[in-house]
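# Report on the structure
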2 protein chains.
Amino acid sequence: MTKGGGRHMVAGIVQEPLINKGAKSRRDTAIAEDTVGTTQLDTVPEPKYWHLRTVLSEALDSEFSVGEILPNERDLAARFGVARATLRQALEQLELEGRLQRRRGVGTTVAPPRVGVAVGSEQHTWPGASGDAWQPADCAVAVPPAAVAQSLEIDPDEQVHIVRRSRVTHGQPVAAELLYIPASSVPDLSGIDAPSGTARARGVLRELQRLELDGDDRAVELGSAGADDAKELDRLPGAPVLVVTTRFFAGGRTAAVSVATYRADTCRLTFGDSVGVEIHHDPERRAS
Amino acid sequence: MTKGGGRHMVAGIVQEPLINKGAKSRRDTAIAEDTVGTTQLDTVPEPKYWHLRTVLSEALDSEFSVGEILPNERDLAARFGVARATLRQALEQLELEGRLQRRRGVGTTVAPPRVGVAVGSEQHTWPGASGDAWQPADCAVAVPPAAVAQSLEIDPDEQVHIVRRSRVTHGQPVAAELLYIPASSVPDLSGIDAPSGTARARGVLRELQRLELDGDDRAVELGSAGADDAKELDRLPGAPVLVVTTRFFAGGRTAAVSVATYRADTCRLTFGDSVGVEIHHDPERRAS
DNA sequence: AAGTGGTCTAGACCACCGC
DNA sequence: CGGTGGTCTAGACCACTTT
């Protein structure tokens, strides 16, 4: 059981408090070999890390409260008698599910329930309209990604205005956005003197309001944060994000495209008018 | 450079075709130590796996076509001069982004672009209405998860009808759904004799249509597939899924709740009326 | 039987945080 | 400085699919 490779067939990993938060005591590495007399039917060779995930998840529900800090990974791995890599695989899952939050140099803490962030308020409005949750940060002119250019129905080499905005909820950054606006959508920028920066971003958005919005169009997909987004979202590169792509229509064409990346670990995107209470927690459920 | 732990500071991993699809040749493990004369400013200590992800991503764009099978992990790792675990970390990222598809016992293939699946057709309809994309599979009676019970505003111990449905697009399963319907929403089930199975599922849904639908409410979040969902979606447990929770309102209360899990690797959820062309590919973009 | 991706281990170094 | 999570390695066995 010491070295060797991937064996399956889990032997019930059990302990009374499941996790002894205090110092490592004598028989901490103990693993109960047989929870029942006869060895269980190994019909479902559950991977170790998956079983660990379940055990930890239950421990999280019963023995920990939000914000509490878990024992460190080396201790936890020792307690459960697995390699650190395996323990980490389980923690990774739980972080993906929004149950845990890990910060380098600090530790692993129990995450609060995901915050519901409203996306697409049903009554369609331009970005920058009064009362929207975004804060303009910057503005530049550049060639957009090919996919965006195609969506905007412009030449692949044509430059557009790119407004960068960020969204903050409860003091934490939850999303970063890039807004692509063709020059044709904001024909008169004479009133804006700032060549860049927040002031210009605001100006471009204000100019955009003058168009009559016909409607919009949204898509959500999973992505991973690039180096830039990661920094803005206070995450590491590769962190999972929900990418919301919105197309704004005016005058029979696509007048602007927004690509917003939301922290997948902390956000629950809500559509429609109602607020929506906490829903969905454990992926292990099924009707009889 | 051989053994040892996490060094950062990437030395440009380069090759002409980037990936020699054929047999491993003599100097395949070669790594160009210095792409430029002076060692690059290591301002951004990019992790190896992240750099690898980028290199592979570009190779995927330029040298591979959809459905093509990549060299196996052991070969790839050797070609790039990294441990298999590190190579796998890069592949994992690319799979998360929907660029790759890995199947045990088969190999790693280039994934087709994500399919756009319509969610919430703007004109709100009951599940099971003519023309919806779901196929009823089963029906049972059981106690729902606590979060669902709360959303339905029923007693935590109260049993509800649970209709299981699945959604198939282009011959591939893309989503699994559990529909929770309180008995009060379908008061007259006398016309349905089947105690369970597809027939009963259809009957319950038909009965649901009789209520007048006031509206609905959607939320999207990241989750991981449980063992059951994983099997239905032809994925391994823990696979990332987009969880869409929909609440259906009728008569001033929540008449039904749907929890649908979509394959996050292959799906792009679309909201609104338009179809939406391919958008968003590389997470490495930014305005100047 | 052979080959693939999936799981697991034991040990190491690194980047970051707070003291 | 010490402690934390993040990255990396080399090697092994396992489950699965195909030949």
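Keep in mind it's a predicted model, so treat the numbers as computed, not measured. (Residues numbered from 1 in each chain as written. Chains lettered and ligands numbered in written order. Predicted model: local features only at pLDDT ≥ 70, side-chain atom pairs only at ≥ 80, totals over all residues. Heavy atoms only, no water.)

### Considering the overall build of chain A
- Each helix and strand counted, chain A has six helices and ten strands in total.
- Every one of the 288 residues in chain A was classed for burial, and the buried ones make up 49%.
- Residue pairs in contact within chain A that sit at least 24 positions apart in sequence constitute 65% of those at least 6 positions apart.
- Surface summary for chain A: the accessible area is close to 13800 Å², and the carbon and sulfur share equals 51%. (Helix = DSSP H or I, 4+ residues; strand = E, 2+ residues; numbered from the N terminus. Buried < 20%, exposed > 50% of the residue type's maximum accessible area, 1.4 Å probe, protein only. Contact = heavy atoms within 4.5 Å. Areas by Shrake-Rupley, 256 points an atom, 1.4 Å probe, with all protein chains shown as cover.)

### Side note on the environment of V186 of chain A
All names here are of chain A.
- Here V186 lies in the loop between β6 (172-182) and α5 (197-208).
- Residue classification places V186 among the buried positions, given a relative accessible area of 3%.
- Between the alpha carbons of V186 and R206 there is a distance of 9.3 Å; along the sequence they are 20 residues apart.
- Once residues within four sequence positions are removed from consideration, V186 is found in contact with H161, I181, V204, E207 and L208.

### Here's the deal with the packing of aromatic side chains
Residue and element names in this part refer to chain A.
- In this structure the tally under the stated criterion is five aromatic pairs over all chains.
- Arranged with centres 6.1 Å apart and planes meeting at 75°, the rings of W134 and Y262 form a pair that is edge-to-face. Taken together, the residues span a long stretch of sequence, with W134 in strand β4 (residues 134-142) and Y262 in strand β9 (residues 253-263) at a distance of 128 residues.
- For Y262, a relative accessible area of 3% corresponds to the buried category. (Phe/Tyr/Trp six-rings, centres within 6.5 Å; stacked < 30°, edge-to-face > 60°.)

### What about the side chain of E207 of chain B?
- Assignment of secondary structure puts E207 of chain B in helix α5 (residues 197-208).
- Residue contacts for E207 of chain B: discarding those within four places in its chain leaves V186, D188 and L189 of chain B.

### Quick word on helix α2 (residues 73-80) of chain A
Residues and elements named next belong to chain A.
- Of the positions making up α2, those classed as buried are E73, L76, A77, R79 and F80. The arc enclosing the buried residues of α2, seen along the axis, measures out at 160°, which places them on a common side.
- Looking at the buried positions of α2, the neighbouring elements they touch are α1 (48-63), α3 (84-96) and β1 (100-103).
- Two or three places before R74, at the opening of α2, N72 has a side-chain oxygen 2.9 Å from that residue's backbone nitrogen. (Arc of directions from axis to C-beta. Polar contact = N/O pair within 3.5 Å; in protein donor to acceptor, adjacent residues only side chain to side chain.)

### Re the pairing of strand β8 (residues 240-250) of chain B
All names here are of chain B.
- Of all eleven residues in β8, ten are buried; the element is thus mostly enclosed.
- With ten bridges connecting them, strand β7 (residues 215-224) and β8 associate as antiparallel partners. Looking at β8, one finds that S224 is bridged to P240.
- Note: β8 against strand β9 (residues 253-263), ten bridges, orientation antiparallel. Among the inter-strand pairings, L242 is bridged to a residue of β9, identified as Y262. (Pairing = 2+ DSSP bridges.)

### A look at the confidence of the model for chain A
All names here are of chain A.
- For chain A, per-residue confidence averages 83 on the pLDDT scale, and residues scoring 70 or more make up 79% of the total.
- Mean pLDDT in chain A bottoms out at helix α6 (residues 227-232), which sits at 90, and peaks at strand β2 (residues 107-110), which reaches 98.
- Taken as a whole, residues 1-15 scores under 50 in pLDDT and shows 30 contacts with residues more than four places along the chain or in a different chain.
- Low pLDDT, under 50, characterises residues 275-279; the predicted model gives this stretch 16 contacts beyond four residues in sequence or across chains. (pLDDT = per-residue confidence, 0-100.)

### A short note on the nonpolar core
- Residues V220, Y262 and L269 of chain A together with V220, Y262 and L269 of chain B are the most contacted members of the largest nonpolar core, which totals 32 residues.
- Every residue in contact with Y262 of chain B, bar those within four places of it in the chain, is listed here: V117, V119, W134, R167, V174, A175, P240, V241, L242, V244, C267 and L269 of chain B. (Core = buried A, V, L, I, M, F, W, Y, C linked by side-chain atoms within 4.5 Å.)

### Describing the sheet that holds strand β10 (residues 267-271) of chain B
- The strand order across the open sheet formed by eight strands is β4(A)-β5(A)-β6(A)-β9(A)-β8(A)-β7(A)-β10(B)-β3(B), and the pairing between neighbours is mixed. Two strands bound the open sheet, and with one partner strand each, they are β4 of chain A together with β3 (115-118) of chain B. Averaged over neighbouring strand pairs, the angle between their axes works out to 20° when direction is ignored.
- With six bridges joining them, β6 of chain A and β9 of chain A adopt antiparallel strand pairing. In the strand pairing of β9 of chain A, A175 of chain A is matched with Y262 of chain A.
- Along the sheet face, α5 of chain A touches β4, β5 (160-169) and β6 of chain A and points at about 90° away from the line of β4 of chain A. (Axes fitted to C-alpha atoms, helices over the stretch in contact; angles between N-to-C directions.)

### Some remarks on the pattern of salt bridges
Residues and elements named next belong to chain B.
- With the rule as written, the count across this model stands at 34 salt bridges over all chains.
- In this structure, D217 and R247 form a salt bridge, with 2.9 Å as the shortest nitrogen-oxygen distance. Pair noted here: D217 is in strand β7 and R247 is in strand β8, with a separation of 30 residues, a long-range link.
- Taking the relative accessible area as the measure of exposure, D217 reaches 4% and is therefore buried.
- Here D265 and R235 are joined by a salt bridge, their closest N and O atoms 2.9 Å apart. One end of the pair, D265, is in the loop between β9 and β10; the other, R235, is in the loop between α6 (227-232) and β8, and 30 residues separate them in sequence. A single burial state applies to D265 and to R235, both of which are buried. (Salt bridge = Lys/Arg side-chain N within 4 Å of Asp/Glu carboxyl O.)

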